[in-house]
Each structure stands twice: as structure tokens, then as C-alpha cells.
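# Structural overview for review
So the chains spell out like this:
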Amino acid sequence: MTDDAARARLVERAARSGAAVAEAGFRTDLAVEEKDGKTDVVTQADRDAQREVVSTIRNEFPEDAIVGEEDDELKEVPEEGPAWIIDPIDGTNNYVRGFSVWATSVAAVVDGEPVAAANILPALDDSYVADSEHVALNGDELAVSDVSDPERAVACPTIWWPRDRRDEYATACREVVERFGDMRRVGCAQAALGMVASGGLEATITNVDANPWDTVAGAHMVRQAGGTVTDLDGERWRHDSRGLVASNGAVHDEALAAAQAVEDVRLE
């Protein structure tokens, strides 16, 4: 077995190990701490889940770089060599409110490009898993939706806008409701990307420079499901890109235009 194949086999197990730790604390009496704002929160469950994921990975790949939201792990993806990207609880605001849409996310990358990913949503009993060729939800292979009419499509603004950028958030919502048939906001970027991959959404957009642990796994899944993921210029999205526009491909031009309109507000 090659190292990449071994990483692909490990990614789901690592994500499940962290998700089990997080699920044990879900809907319990949690101590919630603020990080960079009143809506940017963290719990001990986040830290404990990340440590469990790291431990699982280190047992098989002790030398691989690890990028993680919590603790002292790297915060940027290395351009060379293998690395793991971890979000122990993506959607912590949902988690602390007892809202079931949150995920433990793990992606394996080599030279900055994903080779495998897993997003485990234990409160929903959903598991998105992708390798270098396929993506599946609960074992069933996924494909993006075939909706091509934006007025029949559903789109989601994702990645939280800071308090001093709420005019951009308002613009994102307006652009979506004016351009698309309906809007969702699920409060978990990895879940939103998974929904694009599975056909539950046609697009998700943001002009925020997103962290890799919020995006890499899900973006990989959208691509493996036949979708399109770009930056704000319409170029192929990477972990260090500006903004993120993910879609089923058929409505991508409309989604990209919506995201660009939000960015125009930022530049005013």
C-alpha cells in the first residue's frame, strides 16, 4: 500500500475518533470561551477532539505536518510534503447551542493538494468521505445536482463575516435571494460544502479568506462529486485563495457574480 493510500484509509478513522470525543460532550453543560469575538467560541471539547485526532494520526504518520484550528498546531498548509488539516468541531456555535449541524473534519494533503478527506457529522449520523477518485455519503457515491436554472437553485452564504463586516454579510444574503430560488445558512462551512457535493445545495459562497480547516475537506468533496470550486477571480481554488465559490458547475457563473458583488462592498 502506498503512503497516499494509507492516508486515505486513515482519514476517516481519524475523523471518527475525534467526532466520538466531540459527540460525548454534545448537549451537555459546556464551558464556552470566546476567542476573537462574541461569536467566535471554543470549548474544551474542541481541544479534546483535536488531540484525539492528532493522536490517531501520529500513531501511523508521526512525521507528517499537522494543521489544526486549536492548540499549537500549524495554522498554514505547507507547500511541500504531506500534511493533515483538522477542524475538531466545525460549527462550534451550532454545537454549543445544541444544534445538530457540526462536523469533525480531517483532510490529508500532499504538496498542498488534498488526497483524501472525511467530514463526520455524528449528531446527524452522516459521514462524507472522499479519496483521490470518489466521494460518498454514508457509503453511497455522490454527484452534484443537475439544476441549471438559478431560479430553481438553492445557495448558501458561508464563513462568518466579522461584526465590522456585516454590510458584506447583508450583501451576500441579498445577492443570493435575488439571484437564486432560495437561500440556506447552516452555520458549518464543511456541512455546506458537503451539501453542494451531495446535491442538497447548488452553491455556497464567501469573500472571506477562509481558514484551511474550514474548507479544504469540503472543497475536495465538491470536486470529486463533479462540482466546481474557484476563488473570487474564477480561478481554481486553493487552500490559500481569496474567498471561495463552490457550486454544481451549472450555476457557477451566477454564484461567482454574487461573491464578486460582496467583495465589491468590501473594496468600497
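Structure report, in brief. (Residues numbered from 1 in each chain as written. Predicted model: local features only at pLDDT ≥ 70, side-chain atom pairs only at ≥ 80, totals over all residues. Heavy atoms only, no water.)

### Points about the packing of helix α1 (residues 3–25) against helix α2 (residues 44–60)
We count it as follows: Lines fitted to the C-alpha atoms define the axes, with helices restricted to the stretch that makes contact. Angles between their N-to-C directions range from 0 to 180 degrees. Helix and strand assignments come from DSSP, with helices taken as H or I runs of at least 4 residues and strands as E runs of at least 2, each series counted from the N terminus. Small angles under 35 degrees read as roughly parallel and large ones over 145 as roughly antiparallel, with 65 to 115 read as roughly perpendicular and the rest as oblique. For any pair of crossing helices, the crossing counts as left-handed if the nearer helix is rotated counterclockwise from the farther one by less than a right angle, and right-handed if it is rotated clockwise. Residue contacts follow a heavy-atom distance rule, with two residues in contact if any of their heavy atoms lie within 4.5 Å. All residues other than Ala, Val, Leu, Ile, Met, Phe, Trp, Tyr, Cys, Pro, Asp, Glu, Lys and Arg, Gly among them, are scored as polar; the first ten of these are nonpolar and the last four charged.
Two numbers describe how α1 lies on α2: the axes approach to 8 Å, and their chain directions differ by 150 degrees. Here α1 is positioned roughly antiparallel relative to α2, judged by the angle of their axes. Viewed along their axes, α1 and α2 form a crossing whose handedness is right-handed. Between α1 and α2, the contacting residues are Leu 10, Arg 13, Ala 14, Ser 17, Gly 18, Val 21 and Ala 22 on the first element and Asp 48, Ala 49, Glu 52, Val 53, Thr 56, Ile 57 and Glu 60 on the second. Of the residues belonging to the contact of α1 with α2, the class tally is 7 nonpolar, 3 polar and 4 charged.

### Examining the sheet that holds strand β10 (residues 154–157)
Heads up, the condition is: For two strands to be treated as a pair, DSSP must find at least two bridges joining them.
On the basis of which strands lie adjacent, the open sheet formed by 5 strands has the order β11-β10-β12-β14-β13 and mixed pairing. A strand with exactly one partner marks an edge of an open sheet, and here the two such strands are β11 (182–183) and β13 (228–230). Sheet topology places β10 next to strand β12 (residues 203–206); 3 bridges connect them, and they run parallel. Paired with Pro 157 across the strands is Ile 205, a residue of β12. The strands touched by helix α6 (residues 212–224) within the sheet are β13 and β14 (244–247), with β13 carrying the most contacts at an inclination of about 140 degrees.

### Things to note about the nonpolar core
Under the convention used in this document: Nonpolar core, defined: a set of buried Ala, Val, Leu, Ile, Met, Phe, Trp, Tyr and Cys residues in which side-chain atoms within 4.5 Å join the residues together. Here's how the labels work: a residue is buried when its accessible area is under 20% of the maximum for its type, exposed when over 50%, partly exposed in between, all with a 1.4 Å probe on protein chains only.
In this structure, Ile 85, Leu 142, Met 221, Val 222 and Val 229 are the most contacted members of the largest nonpolar core, which totals 37 residues. Looking at this core, the element that brings in the most residues is α6, giving 6 residues. Once you skip the residues sitting within four places of it in the chain, Val 222 turns out to touch Val 144, Leu 193, Val 196, Ala 197, Gly 227, Thr 228, Val 229, Ala 246 and Ser 247. Among the nonpolar cores identified, the runner-up in size contains 19 residues, and Leu 10, Val 53, Val 106 and Ala 108 belong to it.

### A few points about the packing of aromatic side chains
Quick note on the threshold: Two aromatic rings from Phe, Tyr or Trp, using only the six-membered ring of Trp, form a pair when their centres are within 6.5 Å; if the ring planes differ by under 30 degrees the pair is stacked, by over 60 it is edge-to-face, and anything between is tilted. We call a charge positioned over a ring when the NZ of a Lys or the CZ of an Arg lies within 6 Å of the ring centre and within 35 degrees of the ring normal.
Within the structure shown, the criterion is met by 5 aromatic pairs. Taken together, a centroid distance of 5.5 Å and an interplanar angle of 55 degrees make the contact between Phe 26 and Trp 102 tilted. Here Phe 26 is found in the loop between α1 and β1 (32–37), whereas its partner Trp 102 is found in the loop between α3 (92–96) and β5 (103–110), with 76 residues between them in sequence. Here the aromatic rings of Tyr 95 and Trp 102 are separated by 4.9 Å at their centres, their planes lie at 90 degrees, and the arrangement is edge-to-face. Among the residues examined, Tyr 95 registers a relative accessible area of 1% and is labelled buried. Aromatic rings pair up to connect Phe 26, Tyr 95 and Trp 102 into one cluster. Lying over the aromatic face of Trp 213, Lys 75 brings its terminal NZ or CZ to 5.6 Å of the ring centre.

So far we have only geometry, and geometry alone does not tell us how the molecule works.
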